[in-house]
Amino acid sequence: MLEETHDTDDIIERVAALDVGKAELVCCVRLPSEDRPGKRLQEVTTHTTMTRSVLSLADRLHCLGVTRVVMEATSDYWKPIFYILEAAGFETWLVNARDVKHLPGRPKTDRLDAVWLCKVAERQMIRPSFVPPPHIRQMRDLARYRCDLVSVRTAEKNRAEKLLQDAQIKLSVVASDIFGVSGRAMMSALIAGERNPAVLAQMARASMRTKINALEEAFTGRFTDHHAFLLAKMLARVDQLNRDIAEVDAKIEELIAPFEQAVERLDDIPGIGRAAASLILSEIGLDMTRFPTAGHLASWARFAPTTKESAGRKKGRSATGHGNPYLARVLGEAAVSAGKTNTFLGERYRRIARRRGKKRAIVAVGRSILTIVWHLLSDPNARFIDLGADFHDTRIGPERKKRNHIRQLEALGYRVILEPIA
């Protein structure tokens, strides 16, 4: 049965494509020929990436009547060019370089890349990547920088812990967090010259005081002035990073203030806090019209398995692929945190982790969180309501449980025969 499709073969009449590098860019413009209908005119020029040169290019494109400018995502070099042309009023598209790869055997130069990209763009054979609006871009820069600072701080803390191990100071064996109040006081005393294990152990606070004997054993080592010098530098760097992170947090709170309601609604999701909500909003924005359905958002974030089928058989391991690393990190952390709660998401995590492992559980719960986020941002009146940890037990009746169990047994190769109960 023939079905109607929604394909479009419209040609973009006036389009430009840019092959962007660090120092220069190549621009290909394709226009309809006024003298010979059906034919196309083409112009390929090279420009530097300096601001005046890009502004001159924008004027030239305006004179030619170009409506759409397409460029590949080349490192971070595309960003200033994209922003200038976007501000000049062009419909600016950023595309994934993998979508416009040359066919095997074709020569590859910057000029040919620009021409090829322009030909593909005019036939609408590529899709634009998601580039958030300016305000969200500022939030994204801050949120990503915060993540990078946290990673640097974690690395510095790990160096300090390894230094203590080198000095045979086993503080991390006794204390779960050596950078707590007690741990910092003890390390400061070590730097100041205190070497007596009994004196160092007495600096413990709160619940740590129950481990005084173990602390005395942990501080019996060979901590020298060399270790003290290095540890002082490491702690100073950790303190500076803490101050930097606090300042970035304050700036993020300032930018996120207009979207406070959205942050509060996302904060209701198990595993999501204010910092995680801010990072999610900075990565996906607030306008969900860019993603027609929650499935589109999950696919864009690479939290959906790929489909690869040939000759009626599925191939591959249904991997999700590599998506936005910052979004994947926060969703993974949220999934693990939700797995420790007595909620629907927590029970979902535990059920999948038992059957298929923790990694698949993280991806599945991360996708569920992303689906919830899409619905909350799509409908301003929507509110998160937890289904409860007992959802599967109360909503799935005994007959459905029996059918599911039979299917699982049959999938393992067993033959199930149901006998009537006498």
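Scroll up to find the structure.
Scope of this entry: the structure provided in the associated data block. (Residues numbered from 1 in each chain as written. Predicted model: local features only at pLDDT ≥ 70, side-chain atom pairs only at ≥ 80, totals over all residues. Heavy atoms only, no water.)

If you tally the helices and strands in the protein chain, you get 17 helices and seven strands. Here the C-alpha radius of gyration of the protein chain, 29 Å, is well above what a compact globule of 422 residues would show, namely 22 Å. Principal-axis analysis of the C-alpha atoms places the extent of the protein chain at approximately 95 × 80 × 50 Å. Taken across its 422 residues, the protein chain has 38% of its residues classed as buried. (Helix = DSSP H or I, 4+ residues; strand = E, 2+ residues; numbered from the N terminus. Rg over C-alpha atoms; globule rule 2.2 N^0.38 Å. Buried < 20%, exposed > 50% of the residue type's maximum accessible area, 1.4 Å probe, protein only.)

Let us now look at the packing of aromatic side chains. Applying the stated rule across the entire model yields six aromatic pairs. Taking 5.6 Å as the distance between ring centres and 90° as the angle between the ring planes, the aromatic pair formed by Trp78 and Phe82 counts as edge-to-face. Here Trp78 and its partner Phe82 are both found in helix α2 (residues 78–87), four residues apart, which amounts to about one turn of the helix. Comparing Trp78 with Phe82, the two get one shared label, buried. For the pair Trp78 and Tyr83, a centre-to-centre distance of 6.4 Å together with 70° between the ring planes defines the contact as edge-to-face. An aromatic cluster of at least three residues, connected via ring pairs, comprises Trp78, Phe82 and Tyr83. For the cation-ring pair, Arg68 lies above Trp93, with the distance from its terminal atom to the ring centre recorded as 3.9 Å. Positioned over the ring face of Phe291 is Arg290, at 5.9 Å from the centre of the ring. (Phe/Tyr/Trp six-rings, centres within 6.5 Å; stacked < 30°, edge-to-face > 60°. Lys NZ or Arg CZ within 6 Å of the ring centre and 35° of its normal.)

At a minimum axis separation of 9 Å, helix α4 (residues 134–166) and helix α9 (residues 225–256) run at an interaxial angle of 160°. In terms of orientation, α4 and α9 fall into the roughly antiparallel class. The way α4 lies across α9 gives a crossing that is left-handed. When the residues that make up the contact of α4 with α9 are grouped by side-chain class, the tally is 20 nonpolar, four polar and ten charged. (Axes fitted to C-alpha atoms, helices over the stretch in contact; angles between N-to-C directions. Parallel < 35°, antiparallel > 145°, perpendicular 65-115°, else oblique. Left-handed = near helix turned anticlockwise from the far one by under 90°. Nonpolar A, V, L, I, M, F, W, Y, C, P; charged D, E, K, R; others polar.)

Here we come to the pattern of salt bridges. Once their charged atoms are close, side chains differing in charge can pair, the charge on each being opposite to the other. Applying the stated criterion across every chain, the model contains 19 salt bridges. In this structure, the salt-bridge partner of Arg123 is Glu122, at a minimum N-O distance of 2.8 Å. A salt bridge links Arg274 to Glu253; the shortest N-O distance between them is 2.9 Å. Taken together, the residues span a long stretch of sequence, with Arg274 in helix α11 (residues 274–284) and Glu253 in helix α9 at a distance of 21 residues. Here Glu253 falls in the partly exposed class, since its relative accessible area comes to 34%. (Salt bridge = Lys/Arg side-chain N within 4 Å of Asp/Glu carboxyl O.)

Right, let's get into helix α3 (residues 110–122). In this model, α3 (13 residues) spans 18 Å end to end at C-alpha, consistent with the 18 Å of a helix rising 1.5 Å per residue. By the burial criterion, the buried members of α3 are Asp113, Ala114, Val115, Trp116, Leu117, Cys118, Val120, Ala121 and Glu122. Of the surrounding elements, those touching the buried residues of α3 are β1 (15–20), β2 (24–32), β3 (40–48), β4 (68–72) and β5 (91–95). Trailing α3 by a residue or two, Gln124 shows a phi angle of about 55°, which is positive. (Expected span 1.5 Å × (residues − 1). Contact = heavy atoms within 4.5 Å.)

Turning our eyes to something else, we now look at the side chain of Thr92. Examined against the element boundaries, Thr92 turns out to sit in strand β5. Sequence-distant contacts of Thr92, that is, excluding residues within four places in its chain, are made with Val69, Met71, Phe82, Leu85 and Glu86.

Here we take up the sheet that holds β1. Spatial ordering of the open sheet is given by β3-β2-β1-β4-β5, a layout of five strands whose pairing is mixed. The open sheet terminates on both sides in strands that have one partner only, identified here as β3 and β5. Within the sheet, the average angular offset between the axes of one strand and its neighbour, ignoring direction, is 20°. Inspection of the sheet shows β4 paired to β5 by five bridges, in the parallel sense. Residue pairing across strands places Glu72 opposite Val95, the latter belonging to β5. The strands that α3 touches are β1, β2, β3, β4 and β5; relative to β1, the one it contacts most, it runs at about 145°. (Pairing = 2+ DSSP bridges.)

The space that makes up the largest pocket amounts to roughly 1,300 Å³. What lines the largest pocket is a set of 34 residues, among which Asn96, Ser129, Phe130, Trp300 and Arg302 lie closest to the centre. Element by element, the count of residues in the lining of the largest pocket is highest for α4, at four residues. (1 Å grid on protein atoms, 1.4 Å probe; cavity = no way out; pocket = protein on both sides within 12 Å on 5 of 7 lines; lining within 4 Å. Points joined across faces, edges and corners; volume = space filled by probe spheres on them.)

Let us now look at the pairing of β5. The buried fraction of β5 is high, at four of five residues. Handedness of the β-α-β unit built from β4, α2 and β5 comes out right-handed. (Right-handed = clockwise from strand over helix to strand, strands pointing away.)

Next up on the list: the nonpolar core. By size, the foremost hydrophobic cluster in this structure holds 53 residues, and its most contacted members are Ile269, Ile272 and Ile369. It is helix α15 (residues 358–378) that provides the largest number of residues to this core, a total of nine residues. Apart from residues lying up to four places away in sequence, Ile269 is in contact with Leu345, Ile369, Ile372, Val373, Leu376 and Phe384. In this structure, Leu163, Ile178, Ala189 and Leu215 belong to the second largest nonpolar core, which totals 28 residues. (Core = buried A, V, L, I, M, F, W, Y, C linked by side-chain atoms within 4.5 Å.)

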